[in-house]
Amino acid sequence: MADSLRSKIASLMHSPELRGVATLGAGTAVSQLLPVVMSFILSRLYTPEAFGDYGVFINYASVIAIVICARYEYAIMRPRREVDALNLVALCLLLACGVTVLLYALLGAADIAGADVGGAVPLRYLLPVYALAVAVMQIFSNYANRRAAYGVTASASVVRSVTQAVSRLVMGLAKVPGGLVLGCMLGAVAGCAASAGGTGVVRSVGRSLSVAGMRRVAAAYAAFPRYQLAGSLLNALSTAMPVILIDYFYGSRTTGFFTMAVSLLYLPSTMVGNAMGQVFYRRAVTDTVAGASRLALRFFAFNFVVALVMFVVLWLGGAPMFRLLLGGEWGMIGDYAFYLSPWLMAALCFTPLTWAFDAYDHLKAEMVLNVAMFVCRAGGVAVCGLAGAGADVTMAVCGLVGLLLYATQGWCVSRYLEVRASVTCRVVVAVLALAVVGVWAARVAACLW
């Protein structure tokens, strides 16, 4: 029955798109494997509370990074003329710098007025500049993707990861307060510099920049700030708000466990998914729907197998595995990771394919789904917290809600791409997915009751 899945994976291994995915994937693998490996060391240098503070910082920053360019950076792939793409780059850089200055002005004014804005966020004055660095990296990454210069994106990711890892290690050994946040900041700046130098886009923008050109592309791609911005902001909030609410209801220690679990599993999964997604996005923009559909099936088959392996490891390893890898006080991550595993598996399988919303201009549908994600994720944590439920119950709710939401996104994408998977393939996937959900539900029920 698995012949159909094997054939799709085999065809992917020999496809021309594999070169792009391999280049991005190599950079992603290094940039994500290094933090995972370093986590085994950093968990012995930093407390769960420190990881909780870092989780709060990074989730606030992720929301700011969404707003800072009004999502025009995702339009860089679209223009047929190079001059229009370069003017989009210039527009994004101008918006990012302007919003950063505005944020610092607001923080300064709040401090002068005595208002406690962002008082719960560690090192909050680093938030705007960190978001700026992340946004600039994304701008240059999209421009590199337009030119199929995947090596630039990969190398910038590696530079960012290495700088972050080394600086965190040094500051951890030196007992520098806020070392996790400061290391993240230094990594983002280094990655930004590497991506700028690799693309050479700054020189090209200087030759092509014009106010009239920026106005023209801003109007031509106004759907991105109108629809994509709201949808992406809600998507970011749906990821950030659970962390903020977990910190509010359960404290920084539980937040640290949740943040570590997400860092070890969810972020690498989504980063690999986004590497595939960039290749899929370019294919969807330039090829027929049938061609994009075939590539989507290959990506899904490959990621589905990886997700199954990840689930089995979490199921069999559990808390003892994480105590061995991270230290005795981190065993709780094993339980949390398993509770969250349906969400993590679905994210890995469907993240590359969600770029179809942008490629085929289904931005309104994407926004509606992001509204649902925000309401369900934040609402689930809030209801559990207000009801006095334990942290374990909240994690299980997050895992189940994440599975349902990503599965809904995947179903929508399959409709847009007119996917024609074989009956055998559908049956195999359905049987294995139901088996995973059954094992997960039985384990959760046994642990909680």
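Going along each chain's sequence as written, the residues are numbered from 1 onward. In view of the model being predicted, local features appear only for residues whose pLDDT reaches at least 70, and side-chain atom pairs are presented and counted only at 80 or more, with totals across whole chains, interfaces and linings using the full set of residues. Side-chain descriptors were evaluated using all non-hydrogen atoms of the structure, hydrogens and water having been removed beforehand.

## Looking at the pattern of salt bridges
Inference 1: Here a salt bridge means any side-chain nitrogen of Lys or Arg lying within 4 Å of a carboxyl oxygen belonging to Asp or Glu. Scanning the model with the defined rule gives seven salt bridges in all.
Inference 2: Between Glu-49 and Arg-253 there is a salt bridge, with its nearest N and O atoms 3.6 Å apart. Pair noted here: Glu-49 is in helix H3 (residues 48–67) and Arg-253 is in helix H10 (residues 223–286), with a separation of 204 residues, a long-range link.
Inference 3: Partly exposed describes any residue whose relative accessible area lies between the buried limit of under 20% and the exposed limit of over 50%, with all areas from a 1.4 Å probe on protein chains only and scaled to the type maximum. According to the relative accessible area criterion, Arg-253 is partly exposed, its value standing at 35%.
Inference 4: We note a salt bridge from Asp-84 to Arg-216, for which the minimum N-O separation is 2.8 Å. Secondary structure counts use DSSP, requiring at least four H or I residues in a row for a helix and at least two E residues in a row for a strand, with both numbered from the N terminus.

## Looking at helix H8 (residues 201–208)
In an α-helix, one full turn covers 3.6 residues, which means residues spaced three or four apart are oriented alike.
Inference 1: Among the residues of H8, Val-201, Ser-204 and Val-205 are the ones counted as buried. One face of H8 carries all of its buried residues, which in axial projection span an arc of 100 degrees. Turned more than 90 degrees away from the buried face of H8 sit Val-202, Arg-203, Gly-206 and Arg-207, all of them exposed. The directions from the helix axis to the C-beta atoms form the arc being described.

## Brief notes about the confidence of the model for the protein
Atomic detail in the predicted coordinates should be set aside for any region of low pLDDT.
Inference 1: Mean pLDDT over the protein stands at 82; residues scoring 70 or higher make up 90%.
Inference 2: Predictor confidence is given residue by residue as pLDDT, running from a minimum of 0 to a maximum of 100. Of all secondary-structure elements in the protein, the lowest mean pLDDT belongs to helix H1 (residues 3–13), at 53, while helix H9 (residues 211–220) reaches the highest, 90.

## Quick look at the packing of H3 against helix H5 (residues 127–146)
Inference 1: Axis definition: a line fit to C-alpha positions, over the contact stretch in the case of helices; interaxial angles, taken between N-to-C directions, run 0 to 180 degrees. Close contact between H3 and H5 brings their axes to 9 Å; oriented N to C, the two are set at 60 degrees. Taken as axis vectors, H3 and H5 run oblique relative to one another. In this structure, H3 meets H5 at a crossing whose hand is right-handed. When H3 is examined against H5, the residues Phe-57, Ile-58, Tyr-60, Ala-61, Ile-64 and Ala-65 are found in contact with a partner set consisting of Leu-127, Tyr-130, Ala-131 and Val-134.
Inference 2: Across the contact of H3 with H5, the residue classes break down as ten nonpolar, no polar and no charged. Roughly parallel covers angles under 35 degrees, roughly antiparallel covers those over 145, roughly perpendicular covers 65 to 115, and oblique covers all other angles. Should the near helix be turned anticlockwise from the far one by less than a right angle, the crossing is termed left-handed; should it be turned clockwise, right-handed. We call two residues contacting when some pair of their heavy atoms lies within 4.5 Å. In this classification, Asp, Glu, Lys and Arg are treated as charged, Ala, Val, Leu, Ile, Met, Phe, Trp, Tyr, Cys and Pro as nonpolar, and every other residue, Gly included, as polar.

## Some points on a nonpolar patch on the surface
Inference 1: Patch criteria: residues need more than 30% relative accessible area and no salt bridge. Like-charged residues are merged within 9 Å; nonpolar side chains of Val, Leu, Ile, Met, Phe, Trp and Tyr are merged within 5 Å. Here the Shrake-Rupley method, with its probe set to 1.4 Å, supplies the accessible areas, and only the displayed protein chains count as covering residues. Taken together, the side chains of Val-162, Val-166 and Val-170 make up a nonpolar region of the molecular surface, amounting to roughly 230 Å² of accessible area.
Inference 2: Relative to the assigned elements, Val-166 resides in helix H6 (residues 150–173).
Inference 3: Relative accessible area serves as the criterion here: at 47%, Val-166 is assigned to the partly exposed category.

## A word on H3
Inference 1: What a helix should span is 1.5 Å times the count of its residues minus one. Compared with the 28 Å implied by 1.5 Å per residue over 20 residues, the 30 Å span of H3 between its first and last C-alpha is a close match.
Inference 2: Burial within H3 is extensive, with 14 of its 20 residues counted as buried.

## Thoughts on the packing of aromatic side chains
Inference 1: Any two rings among Phe, Tyr and Trp, with Trp reduced to its six-membered ring, count as a pair given centres within 6.5 Å; such a pair is stacked if its planes are under 30 degrees apart, edge-to-face if over 60, and tilted if neither. In total, this model carries 14 aromatic pairs according to the counting rule given.
Inference 2: With a centroid separation of 5.7 Å and 85 degrees between ring planes, the pair formed by Phe-257 and Trp-330 is classed as edge-to-face. Taken together, the positions of Phe-257 in helix H10 and Trp-330 in the loop between helix H11 (289–326) and helix H12 (332–350) put the pair 73 residues apart, joining distant regions of the chain.
Inference 3: Given a relative accessible area of 7%, Phe-257 falls into the buried group.
Inference 4: Centre to centre, the rings of Phe-357 and Tyr-416 are 5.6 Å apart; their planes meet at 85 degrees, and the pair counts as edge-to-face. Of the two residues, Phe-357 is situated in helix H13 (residues 356–359) and Tyr-416 in helix H15 (residues 391–417); the sequence distance between them amounts to 59 residues.
Inference 5: Residue Phe-357 is classed as buried on the basis of its relative accessible area, which comes to 0%.
Inference 6: Looking at Tyr-416, the relative accessible area reads 22%, which means it is partly exposed.
Inference 7: Taken together, Tyr-46, Phe-51, Phe-257, Trp-330 and Tyr-336 form an aromatic cluster joined through their ring pairs.
Inference 8: Between Arg-168 and the ring centre of Tyr-54, over which it is positioned, the NZ or CZ distance is 4.5 Å.
Inference 9: Working rule: Lys NZ or Arg CZ, within 6 Å of ring centre, within 35 degrees of ring normal, means a charge sits over the ring. Just above the ring of Phe-338 sits the side chain of Arg-443; from NZ or CZ to the centre is 4.7 Å.

## Structural notes on the environment of Val-136
Inference 1: Within the secondary structure layout, Val-136 lies in helix H5.
Inference 2: For the pair Val-136 and Cys-192, spaced 56 residues apart in sequence, the C-alpha to C-alpha distance is 6.3 Å.
Inference 3: The contact partners of Val-136, leaving out residues within four places of it in the chain, are Leu-93 and Cys-192.

## Let's talk about the environment of Tyr-104
Inference 1: In this fold, Tyr-104 is placed in helix H4 (residues 82–113).
Inference 2: Separated by 24 residues in the primary sequence, Tyr-104 and Pro-128 have C-alpha atoms spaced 7.0 Å apart.
Inference 3: With sequence-adjacent residues up to four places away left out, Tyr-104 is seen in contact with Tyr-125, Pro-128 and Val-129.

## Points about the layout of surface pockets
Inference 1: Space inside and on the surface of the protein is sampled on a 1 Å grid over the protein atoms alone, with a cavity defined as a set of points where a 1.4 Å probe fits but cannot get out and a pocket as an open set with protein on both sides within 12 Å along at least 5 of 7 lines; lining residues have an atom within 4 Å of a point. Grid points are joined across faces, edges and corners, and a volume is the space filled by probe spheres set on the points. Of the voids in this model, the largest pocket is the one considered here, and its volume is about 930 Å³.
Inference 2: If you trace the largest pocket, you find 31 residues lining it, with Phe-300, Phe-350, Gly-410, Trp-411 and Val-429 closest to the centre.
Inference 3: Counting residues per element, the ones that place at least two in the lining of the largest pocket are H11, H12, H15 and helix H16 (423–448).
Inference 4: In terms of residue count, the dominant contributor to the lining of the largest pocket is H16 (nine residues).
Inference 5: Broken down by class, the residue content of the lining of the largest pocket amounts to 25 nonpolar, two polar and four charged.

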